[in-house]
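Here's the letter readout for the chains.
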Amino acid sequence: DTLLSMRAIKTIQEKNGEPGCNRYVISQCNSALNVMEVFGLLLLSGWEKRSLKVDIVPLFETVDDLEQSAEIMEMLFSDDTYREHIRFRNNSQTIMVGFSDGTKDGGYLMANFSIYIAKKELTAIGKKYSIDIIFFDGRGGPPARGGGKTHKFYASMGKDISNKQIQLTIQGQTISSAFGNTDAAQFNMEQLITAGITNKVFSSKQDSLTAEGEILFKQISRISLEKYLALKNNDHLIGYLLNITPIRYYSETNIASRPANRSAIEDFSLKDLRAIPFVGAWSQVKQNVTGYYGVGTALKRMEANDKWDDLVLFYKNSVFFKTLIDNCEMSMQKCFFPLTKVLSKDPEFSEIWNDIHDEFQLTKQYILRLSGHEDLMVDYPVEQLSISMREKIVLPITTIQQYALSELRTVNNTPVKPGVLEKLIIRCSFGIINAGRNSA
């Protein structure tokens, strides 16, 4: 199948020209060998080295892969065979980074920190070998998947990260809202163009992350990672996801291009679970764990270590860090814990529910102290009102879905047949997903 798809690229180019299809993205790339395997398979598919009009694009997703990404690319750039291919491709290398799996793997702060550092190191490697690095961001609509204030994110990159182009994925859930009509499309494109210009013109004056800021960011990211991993490794988390969230029915909504899980549901594991349903499941129960969890614990620990004043200064001076916090506020604004409060006394799931709720409250408390505001998203009153209106519309649907999930957990005591309840859960998912666009 792989060889046939590679031959199909050749056929497409023969009929439509190179722009018809000229990139091969390697999902979960974790070695230089992965890239060279694709290079070799392309040659086996009928291409010649000197006429291989395909860019091989490694996609670095997990925290570990991001940490190794610069080392992997340097190994490739120092290889004579691959370097010759790069020269043929105008000394340009496209590299994709995935926010969704990074967040699922390491939590909100660590994912964003890992991506920033990876981009900085990859830019330096590109300069060392005189190769243009073009970053292709796998960003979703919600902050937990790299979305949120996209234009501010790009405007805050600074001079240490390659900004020759802005390339990002726009998932089906957000295409209609961002580019569905002329006015919306023009506005969003202008925002991205302005971000690129702003970064180019002002990057020398506006380092988004100074050396001191990078140290602070690393510290809070590592603390938040510890907290997030404790939740991920909780023995009850799998049961919580399968029974409290609609994750086992996610594939039935038929909105994704791929299965929700890489293995059968009876072999369910976090490793095999794809990032979109993971984020979406938290969104549908209005807990949005992937958009804030661990942030409050990290800020509190930094205060205990006499670093609070440094953090406040960092927040005021770094557009990059402030944008991350703004996006975190957006995720929290879409939470609604009364929906599942009954779980606070559940014999099996109360520990996890209370832990998530406590972390939400702690994060909200410390973010408001950091910003000096009395409420979340005060800097964005229009978006704040928009979210409030949308959540009021969605709340009845999420309530019905939670009722169905609750009845399924006690199916022996309910007169409603399981099949009816399952259809109710799936039908509710349609409305929640469309209204919220996986809005964690």
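Preceding this paragraph is the structure being described.
(A) Broad picture of the overall build of the protein. The helix and strand tally for the protein stands at 18 helices and 5 strands. Out of the 440 residues belonging to the protein, those deemed buried represent 52%. Put simply, of all contacts in the protein between residues at least 6 apart along the chain, 78% involve residues at least 24 apart.

(B) Structural context of the side chain of threonine 297. Among the structural elements, threonine 297 can be located in helix H13 (residues 295-304). For threonine 297, the residues in contact, after removing those within four places along its chain, are Ile223, Lys227, Glu359 and Leu362.

(C) Representation of the pattern of salt bridges within the structure. Overall, the coordinates contain 13 salt bridges when judged by the stated rule. For glutamate 74, the salt bridge is made with lysine 128, and the minimal N-O distance between the two is 2.4 Å. Separated by 54 residues along the polypeptide, glutamate 74 in helix H3 (residues 63-77) and lysine 128 in helix H6 (residues 108-128) bring together distant segments of the chain. For the salt bridge of glutamate 214 with lysine 120, the shortest nitrogen-to-oxygen distance reads 2.7 Å. Taken together, the residues glutamate 214 in helix H10 (residues 211-232) and lysine 120 in helix H6 connect sequence positions 94 residues apart. Judged by its relative accessible area of 22%, glutamate 214 is partly exposed.

(D) Representation of the nonpolar core in the model. Among the nonpolar cores identified, the biggest contains 100 residues, and Phe217, Tyr240, Trp282, Tyr292 and Ile356 are the most heavily contacted of them. By residue number, the principal contributor to this core is H6, which donates 10 residues. The residues touching tyrosine 292, leaving out its near neighbours within four places in the chain, are Tyr108, Gln287, Cys328, Met332, Cys335, Phe337, Ile356, Glu359, Phe360 and Thr363. Listed in part, the 7 residues of the second largest apolar core include Tyr249, Ala404, Leu408 and Leu421.

(E) Looking closely at helix H14 (residues 308-317). Listing the buried residues of H14 in full gives Trp308, Leu311, Val312, Phe314 and Tyr315. Each buried residue of H14 lies within a common arc of 160 degrees when the element is viewed along its axis, so the set occupies one face. When the buried face of H14 is taken as reference, the exposed residues oriented beyond 90 degrees from it are Asp309, Leu313, Lys316 and Asn317. Here the buried face of H14 lies against H10, H13, helix H15 (319-333) and helix H16 (350-371).

(F) Up close: the pairing of strand S4 (residues 132-138). Across the 7 residues of S4, 6 count as buried, placing the element largely inside the fold. As judged from the 7 bridges shared by strand S3 (residues 92-98) and S4, these two strands associate in the parallel manner. In the strand pairing of S4, serine 92 is matched with aspartate 132. As judged from the 2 bridges shared by S4 and strand S5 (residues 167-168), these two strands associate in the parallel manner. In the strand pairing of S5, aspartate 137 is matched with leucine 168.

(G) Broad picture of helix H17 (residues 381-409). With 29 residues, H17 should cover 42 Å at 1.5 Å per step; its first-to-last C-alpha distance of 40 Å lies within 8% of that length. Residues of H17 that are buried include every one of Gln384, Ile387, Arg390, Glu391, Val394, Thr398, Gln401, Gln402, Ala404, Leu405, Glu407 and Leu408, and no others.

(H) Quick peek at a nonpolar patch on the surface. On the surface, a nonpolar cluster with roughly 390 Å² of combined accessible area is contributed by Met189, Ile193, Ile197 and Val201. As for its position among the elements, methionine 189 is in helix H9 (residues 182-202). The class for methionine 189 is partly exposed, based on a relative accessible area of 45%.

(I) Representation of the packing of H3 against H6. Running from N to C, H3 and H6 cross one another at 10 degrees; their axes reach a closest spacing of 8 Å. As the angle between them shows, H3 and H6 are arranged roughly parallel. The segment H3 lies against H6, with Val63, Leu66, Ser69, Ala70, Met73, Glu74 and Phe77 engaging Met110, Ser114, Ile115, Ala118, Glu121, Leu122, Ile125 and Lys128. Class assignment of the residues belonging to the contact of H3 with H6 gives a composition of 10 nonpolar, 2 polar and 3 charged.

Conventions and cut-offs
Residues numbered from 1 in each chain as written. Predicted model: local features only at pLDDT ≥ 70, side-chain atom pairs only at ≥ 80, totals over all residues. Heavy atoms only, no water. Helix = DSSP H or I, 4+ residues; strand = E, 2+ residues; numbered from the N terminus. Buried < 20%, exposed > 50% of the residue type's maximum accessible area, 1.4 Å probe, protein only. Contact = heavy atoms within 4.5 Å. Salt bridge = Lys/Arg side-chain N within 4 Å of Asp/Glu carboxyl O. Core = buried A, V, L, I, M, F, W, Y, C linked by side-chain atoms within 4.5 Å. Arc of directions from axis to C-beta. Pairing = 2+ DSSP bridges. Expected span 1.5 Å × (residues − 1). Patch = residues over 30% accessible without salt bridge, like charges linked within 9 Å, V, L, I, M, F, W, Y side chains within 5 Å. Areas by Shrake-Rupley, 256 points an atom, 1.4 Å probe, with all protein chains shown as cover. Axes fitted to C-alpha atoms, helices over the stretch in contact; angles between N-to-C directions. Parallel < 35°, antiparallel > 145°, perpendicular 65-115°, else oblique. Nonpolar A, V, L, I, M, F, W, Y, C, P; charged D, E, K, R; others polar.

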